[in-house]
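Each chain, written out:
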Amino acid sequence: MDNQSILEKIDTQRKFLDENPMLDYKKRIDALKLLYKNIKLMSGDIYDALKKDLNKSETETYMAEIGMVLNEISYMIKHIRSFSRPQRVATPLAQFHSKSYKMPCAYGMVLIISPWNYPFMLALEPMVDAIAAGNSVILKPSEISPNVSDVIAKLISKTFDKGHVDTVLGGVEECTFLLDQDFDYIFYTGSTRVGEIVMKKAAEHFTPVTLEMGGKSPCVVDETANISLAAKRIVFGKFLNAGQTCVAPDYILCDKKIKDKLVEELERQIVLQYSVDPIKNDAYPKMINKKQFDAMSKFITDENLIFGGKIDEESLKIEPTLLNSTFDDDVMKIEIFGPILPIITFDDIDEAIAKINSLSKPLALYIFSSSKTNQNKVLNRCQFGGGCINDTIIHIATPNLGFGGLKQSGIGAYHGKIGFDTFTHYKSIVDKKTWLDLPMRYQPYNKFKQFLIKMFLR
Ligand code: NAD
């Protein structure tokens, strides 16, 4: 898209915001209801687009993309009214007589930049939160999942006034131009490398940001874990979307004593969940493109392979693969975005914690253990965005929990009320009554006024 067209879109949104500075909550609800209806009407197109871009099955697309967005819309429709009310807070006696409250206000025009791996969900979920909070949105979906981006653009133009929500299709060039403009909030999901560019650009306009990025999320399995259940849940979280999931367990750190048993159970679960030939399994996703396929395939060698390892260049599929690994291996130097699961062992849990803490802070962490002591040690001593005890990735599907990372894995969070708050500026207001005017703050000062001030402020 050319720069002039992008500027026109921004101009249309500014005019819309001038005319509707605080979009009435009822209109936000109506807009979200229409979005819900149109997603359902266009679900066939959404399924087709995800099949083309990532070979996602209908079930996976509903569970991890459409269903998540519908759920967020339903949550917001239910809560917008109460979230949008001013929130009364206590006023100190020194301010007598007055009323204090926090007044929720939209930021204004929000730029949302999204990635390709959950291209529908990661574009629309933050958009729903931004709309719920009363903002207008310019959405820039990923050029790497073009079929889904086209469907999103159609869905948005069918649902919203262009001044309220609009899309800009394109890649780095369009995104760079957008980042040069003055938005009121930027919400970005993608790699840490591009997150840094977004944050620098935002700083030029003092624009607040939320950055949802990635990292290497560890999965710790200790000797007290229920191994067969752990294997089942790890295989689910790791190989969903063929490992192209920001919160997928990146690698397993397991107690040496249970490694053989864990590997045996992981192999059993891979076959049970994906069949003996996952590449022929039509419900098993592919790598997004050849570049990603090559980047992942190169980590599989005869020396490190435990299980799986078959690749198919034509379909761009890689089998769920288990590797023997150490922290010195190349596969441990990058975020793995594919169905490759390195397994590293430890002798005691303190060693595992020290190793996790020597790397940058991950987006997620999973601990499989029946020992409260070990669970607490890991939760208290490791820093990470969020995670699960005895499960993987499901913490992102709980609207009462925020979702986000810290440092290199992210800044800020969203989902549910936290998502509404992310896109809301709370004005702090003191409404002072006029029938009384306490004199002590005014000049000229004297000992009595000083005494009163000291009484109030201590
Ligand atoms: P990416 O950073 O390459 O692209 C994300 C977006 O940024 C795209 O819309 C793209 O057009 C734009 N972009 C790319 N290069 C740019 C540049 N130089 N200047 C300006 N804009 C640019 O990320 P990706 O490859 O699409 O996604 C994979 C990454 O996203 C992984 O690191 C993963 O962990 C992370 N991720 C994080 C979450 C989360 O919620 N925390 C979710 C999914 C993916």
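You'll find the structure just up there.
Residues numbered from 1 in each chain as written. Predicted model: local features only at pLDDT ≥ 70, side-chain atom pairs only at ≥ 80, totals over all residues. Heavy atoms only, no water.

Looking now at the pattern of salt bridges. Enumeration according to the criterion identifies 25 salt bridges in this entry. Here Lys 9 makes a salt bridge to Asp 166, at a shortest N to O gap of 3.2 Å. Of this pair, Lys 9 sits in helix α1 (residues 3–19) while Asp 166 is found in strand β5 (residues 165–167), placing the two residues 157 residues apart along the sequence. The exposure classification of Lys 9 matches that of Asp 166, with both residues buried. Between Asp 180 and Lys 201 there is a salt bridge; the shortest N-O distance is 2.5 Å. Within this pair, whereas Asp 180 is found in helix α7 (residues 172–180), its partner Lys 201 is found in helix α8 (residues 192–204), the two being separated by 21 residues in sequence. Salt bridges sharing common partners tie together Asp 277, Lys 280, Lys 310 and Glu 319. (Salt bridge = Lys/Arg side-chain N within 4 Å of Asp/Glu carboxyl O. Helix = DSSP H or I, 4+ residues; strand = E, 2+ residues; numbered from the N terminus. Buried < 20%, exposed > 50% of the residue type's maximum accessible area, 1.4 Å probe, protein only.)

As for its placement among the helices and strands, Glu 314 is situated in the loop between β11 (311–312) and β12 (317–318). In the structure, Glu 314 is positioned 24 residues away from Lys 290 in sequence and 9.4 Å away in space, judged by C-alpha atoms.

On the basis of which strands lie adjacent, the open sheet formed by seven strands has the order β10-β13-β14-β9-β8-β15-β16 and mixed pairing. What marks the edges here is a single partner per strand, and that holds for β10 (305–307) and β16 (386–389). For this sheet, the mean angle separating the axes of adjacent strands, direction not counted, is 25°. Examined bridge by bridge, strand β9 (residues 251–255) and strand β14 (residues 340–346) share four bridges and lie parallel to one another. (Pairing = 2+ DSSP bridges. Axes fitted to C-alpha atoms, helices over the stretch in contact; angles between N-to-C directions.)

This next bit is on the site of the ligand. With respect to spatial proximity, 26 residues lie near the ligand, and among them Glu 143, Tyr 188, Ser 191, Met 213 and Glu 335 are the closest. Take Tyr 188: an N or O atom from its side chain is 2.7 Å from an oxygen atom of the ligand. At a separation of 2.7 Å, an oxygen atom of the ligand approaches a polar side-chain atom of Ser 191. Applying the majority rule of atoms within 2 Å of the grid points places the ligand in the largest pocket. Breaking the shell around the ligand down by element, the ones donating at least two residues are α7, β6 (185–189) and α8. The element that contributes the greatest number of residues to the shell around the ligand is α7, accounting for three residues. Of the residues contributing to the shell around the ligand, the split by class is 14 nonpolar, eight polar and four charged. Residue-level mapping places the shell around the ligand at the junction of two domains, with at least three residues from each of domain 1 (3–213 + 407–426) and domain 2 (218–397). (Near = heavy atom within 4 Å. Polar contact = N/O pair within 3.5 Å; in protein donor to acceptor, adjacent residues only side chain to side chain. 1 Å grid on protein atoms, 1.4 Å probe; cavity = no way out; pocket = protein on both sides within 12 Å on 5 of 7 lines; lining within 4 Å. Sits in = over half its atoms within 2 Å of the grid points. Nonpolar A, V, L, I, M, F, W, Y, C, P; charged D, E, K, R; others polar. Domains from an automatic or database assignment.)

To continue, consider the packing of helix α2 (residues 25–41) against helix α6 (residues 146–159). At a minimum axis separation of 10 Å, α2 and α6 run at an interaxial angle of 135°. As far as their axial angle goes, α6 and α2 are oblique. Read as a crossing pair, α2 and α6 show a hand that is right-handed. Contact residues: Ala 31, Leu 34, Leu 35, Asn 38 and Ile 39 in α2; Leu 155, Lys 158 and Thr 159 in α6. Class assignment of the residues belonging to the contact of α2 with α6 gives a composition of five nonpolar, two polar and one charged. (Parallel < 35°, antiparallel > 145°, perpendicular 65-115°, else oblique. Left-handed = near helix turned anticlockwise from the far one by under 90°. Contact = heavy atoms within 4.5 Å.)

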